[in-house]
Structures are given as structure tokens and as C-alpha cells.
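Residue strings, one per chain:
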Amino acid sequence: MMKCYRNVRFLLILTVLVLSRYCSALDLSGEWVGKISGPFDSQYTAQYAHVTLATDGTKLTGAWGSFTVQGTVNSGKVELTFLDAGGKAAGNLKGAVSGETLAGDGNVTPARRPGGPVQPPMDVTWSLARPVKAPAAAKTYDYEPKVFYSIYSAAEPPVLHIFPGDTVNTRTMDTAGRDANATRHGTGGDPNVGPFYVEGALPGDTLVVKFSKIRVNKPIGRQGSRFNQHAVTQAYAVAAKYDANFNGNWKQDPEKGTATLPATPGLPHLTIPLKPMLGCISVAPPGEEAYRGTDLGVFGGNLDYNDNVEGVTMYMPVFHPGALLGFGDAHGAMGDGEVVGTGLETSVDVTFTVDVIKGYQTPQVRAETKDYLVSFGVSGSVPESIQLATTQLAEWMKKDYKLTDSEIALFFGDVLKYDITELVDPHFNVAAKVPKSEVALLNK
């Protein structure tokens, strides 16, 4: 009898220990990466979000992207309710815990578009996974490219996973695409290095890229010698008599910081300063969209801004996990607009460092140069590009400098400048910019 009692007691103690361990494993507090997929979503159109949960016994609270979350976890089963900004229920999820992941199904009410009808709830599947843990200290990587790609797409596999704070030393290929040590993926111009997967970057965030080194690494820069059709009148384009044998191969001297054109009768001594720049800087475009390397859009791409030089900091909207950063199309120097369809086409050595602004997505690409805050506007026309660039810069002033619309209008009326950066590719790009010397006086 005593032996039986001891066995029962032992089993009870063991059960309590097992249950205690199981319950402690269900502490879901902390950071998660959330994924929601509808019936027709692919891995490229699923919605990802930063998720924060807090556990109090069986009660769960937190945030899933822009939604407030409340729910329960009990015996490995999870129930979650989404609440919108007004406190109304916007979705219900049910699922189960499996190790360090959660998954299940449910429904979510799509966000209402301005002026549009209220959408019915949509059936979804969902999952939560812990984010990849960053190393204790930032790292520096030397990445020698094995492939260059001429397509902007989330389908391009990442070549390297890095974390915010990490630095990468690498190089680009010139637009001729000749590189004995690397293959080229995709047709068309402007091969890019990457993409680099930045851990912790999710849709709705802004990727920050600081380029601390952009240096010419070859002695020749090739340049076209005919105007693009958008740069001159049709009459000029028809009447122009171009020299088919004109030599546009500049001799680049990185040590002296100069480029020299072979002598011609009218240009016998043309030497210009080198100003190495990256014509293409991009993240993967939204959803399943794919573009050739010569194109540009809200994702960046072939921006062709001649002030994207050493020292520039880029701010890029994130549309996919990891952002998928790439860059290329280096020029030794280039005038505004790339009016002949090329700059001094070359290759460069590049060093960059990444960071992530969580929970805020810049509408289009922005930049901070040595002297200016810059906003890009990419569209199908120069007038619309001006409007987009100006609007984004105004919103930047509102968010970061707390200016009113009247204050911004007056400020821009006195100091705003425009650069036309892109005239020759499928879309136009205009950069609106304000001097940092003037911005420094705001709110003082």
C-alpha cells in the first residue's frame, strides 16, 4: 500500500513539473514577426508586420502592425482579436502554439479605402515566428560578388543576410556587364550587386543606408555622345549630325580625382573632376512586381541622381521582409538628367552600413547629402514628379520638424531647389531639396 502511495505521489509530482514547464513555455511575451495570407496570396503578397505580445497568465495583449491585439492562450490554444484605431473589432484569429511558432486561421476585415465601401471580413491563415536574434556586436563583411542582377524583384535570392548596424565592403560592375569573376542574371542594362537581406526590416518600415565609400576602381569611364530625345527638340534631334567615331572613353585618374577626354578639335583639353556616384539604389518593389534594371519607381532603382555620392544616406520604403537592398550603375561623373543616356560608365568600390526605422514607411525614396535634405519624385511626367517630390519633402518637414503647412510653404518659397535627375529611362525623376544649413535654424 505504501509503495503504491509513493508511486502515485511520484506521478503527481512529475505531472506538476511537466505542466509547470509546459506553461512556462507558453509565455508568449516579446517580439514576433507576423504573417497573414488570404486565399490567393503568394509569399510575395502576404502581409508581414512587427508584432509585440505580453502574457499575463492566460491573457494576451499587444500590437500587430497598426492593430491593437487582445486574446488568450490556454493549453497551447491561442485566440486573438484585432482592434482598429477606433477600438472596433477588425479580425479574429485562432491557432495553436508549436515550439517557437504560432499558426492558425481566422478572418480579418480589410482596411477601408478613403471614400470606399466597408469590406466584409476575409478568411486568412496566419503565423507568428520569433525574429532572428542579432549578434551581440555589429559585424563588417567583405562581400565579393558572384552574381549581378538586372531585374528588380523580390524573387531574386539574397546574397548575404546582415543586421542593422552591420557594414559591408563590396564593389559594382559597369554597365557593359563584363566581369570574369561573376555571372550576370537578367537582360537589359544596369547590373546591380545584391540583394542584401537586412534582418528585422519588414513592410511598413524604412531602410536606412549610409554609403561611406564610393570610389572609382578602373581607369576608363565610357560615355555616350548623342542627346536623348527628351533633352532636345525634335527639330534639333533630326538635324543633328553626330560623329559615329567620336571617342567617349574618358581616362579616369582616381588618385588625382580627375577624368580627361581624348582631345578633339573643339575640346582639346577637357578635364573634369571625378564625382563617383551610384545611379541605381533599390529595394525589392511591392508584391510580385518586377522591373528591368533601367527602370525606377517608389522602390528606387535607376534614380540617376548625381549627388548619390560617398557620404549620402538613403531612406528607402520597405515592401518585403529583409528589404532586399541592391545597387549598381556607377558613374565617375554625370551631369543633371543623364541627357546622353549615360554618365561616365564605370565600376566602383563601395562600403555601406544599414539601419531600420521601424513602424514608419517613407512614401518614396529620400536622401540626406552633405548639404541637402532630398526627396525624390518618380512618375511618368516631370510636372507630376515635381509634385510628388515636393509633397514628400513637405511631409518630412511636418513629421521631423513639426512645421505647419503655412510654415512649410513659406520656408520652401525661400529655399527650395529642384534637380531633374532622370530624363532617359521609363520614368522621370525630380529631386526636391532644402539646404541643411537652413534646416538647422528651424525650431530655434
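**Q** Hey, could you go over the overall build of the protein chain for me, with residue numbers and the actual values?
**A** If you tally the helices and strands in the protein chain, you get five helices and 31 strands. Dimensions of the protein chain, computed from the C-alpha atoms along their principal axes, are close to 115 × 55 × 45 Å. Counting across all 444 residues of the protein chain, residues that qualify as buried make up 43%. Within the protein chain, contacts between residues separated by at least 24 positions form 68% of all contacts whose residues are at least 6 apart in sequence.

**Q** Kindly report on the pairing of strand β30 (residues 417-422), identifying the contributing residues and their values.
**A** Where β30 and strand β31 (residues 428-435) come together, five bridges link them in antiparallel fashion. In the sheet register, D419 faces β31, and the bridge partner there is A431. Between the antiparallel neighbours β30 and β31 lie five residues.

**Q** An account of the nonpolar core is requested, with residue identities and associated values reported.
**A** For soluble globular proteins, nonpolar side chains are generally found buried alongside one another. Among the nonpolar cores identified, the biggest contains 53 residues, and F196, L207, F211, M314, F327 and F352 are the most heavily contacted of them. Those residues in contact with L207 that lie beyond four places of it in its chain are V198, V283, M314, Y315, M316, V318, A323, L325, V354, D355 and V356. Counting residues in hydrophobic clusters, the runner-up holds 21 residues, among them I36, A49, W64 and L93.

**Q** Account for the sheet that holds strand β19 (residues 258-260), naming residues and giving values.
**A** If you walk across this open sheet you meet the four strands as β17-β18-β19-β20, and the pairing is antiparallel. Only two strands of the sheet have a single partner each, and these edge strands are β17 (220-222) and β20 (271-273). On average, each strand axis in the sheet is inclined to that of its neighbour by 30 degrees, with strand direction left out of account. Of the pairings in the sheet, the one linking β17 to strand β18 (residues 249-253) comprises three bridges and is antiparallel in character. Paired with I220 across the bridge in β18 is K251.

**Q** Quick rundown of the pattern of salt bridges? Include the residues and the values.
**A** On inspection of all chains with the given rule, the structure shows nine salt bridges. Across the pair K399 and D400 runs a salt bridge whose closest N-O atoms are separated by 3.6 Å. Since its relative accessible area comes to 38%, K399 is described here as partly exposed.

**Q** Lay out helix α4 (residues 405-415) in plain terms, naming residues and giving numbers.
**A** Buried residues of α4: I408, F411, F412 and V415, and no others. An end-on view of α4 places all buried positions within 95 degrees of arc, on one side of the element. Set apart from the buried face of α4 by more than 90 degrees, the exposed residues are S406, A409, L410, G413 and D414. Residues of α4 that are buried make contact with α3 (382-401), β30, β31 and α5 (436-439).

**Q** Residue-level account of the environment of T264, with values.
**A** Assignment of secondary structure puts T264 in the loop between β19 and β20. For T264, a relative accessible area of 19% corresponds to the buried category. Between the C-alpha atom of T264 and that of V350, which follows or precedes it by 86 residues, the distance is 33 Å. In terms of polar contacts, T264 uses its side chain to reach the backbone amide nitrogen of L267, at 3.0 Å.

**Q** Explain the packing of α3 against α4 residue by residue, including any values.
**A** Packed helices, taken two at a time, are described by the angle between their axes plus the distance between the axes. Put simply, α3 and α4 touch, their axes get as near as 10 Å, and they point 125 degrees apart. Put simply, α3 runs oblique to α4. The handedness of the crossing between α3 and α4 is right-handed. Residues T390, L393, A394, M397 and K398 of α3 lie in contact with α4, whose contacting residues are D405, I408, F411 and F412. When its residues are assigned to classes, the contact of α3 with α4 shows six nonpolar, one polar and two charged.

Parameters at a glance
- Residues numbered from 1 in each chain as written.
- Predicted model: local features only at pLDDT ≥ 70, side-chain atom pairs only at ≥ 80, totals over all residues.
- Heavy atoms only, no water.
- Helix = DSSP H or I, 4+ residues; strand = E, 2+ residues; numbered from the N terminus.
- Buried < 20%, exposed > 50% of the residue type's maximum accessible area, 1.4 Å probe, protein only.
- Contact = heavy atoms within 4.5 Å.
- Pairing = 2+ DSSP bridges.
- Core = buried A, V, L, I, M, F, W, Y, C linked by side-chain atoms within 4.5 Å.
- Axes fitted to C-alpha atoms, helices over the stretch in contact; angles between N-to-C directions.
- Salt bridge = Lys/Arg side-chain N within 4 Å of Asp/Glu carboxyl O.
- Arc of directions from axis to C-beta.
- Polar contact = N/O pair within 3.5 Å; in protein donor to acceptor, adjacent residues only side chain to side chain.
- Parallel < 35°, antiparallel > 145°, perpendicular 65-115°, else oblique.
- Left-handed = near helix turned anticlockwise from the far one by under 90°.
- Nonpolar A, V, L, I, M, F, W, Y, C, P; charged D, E, K, R; others polar.

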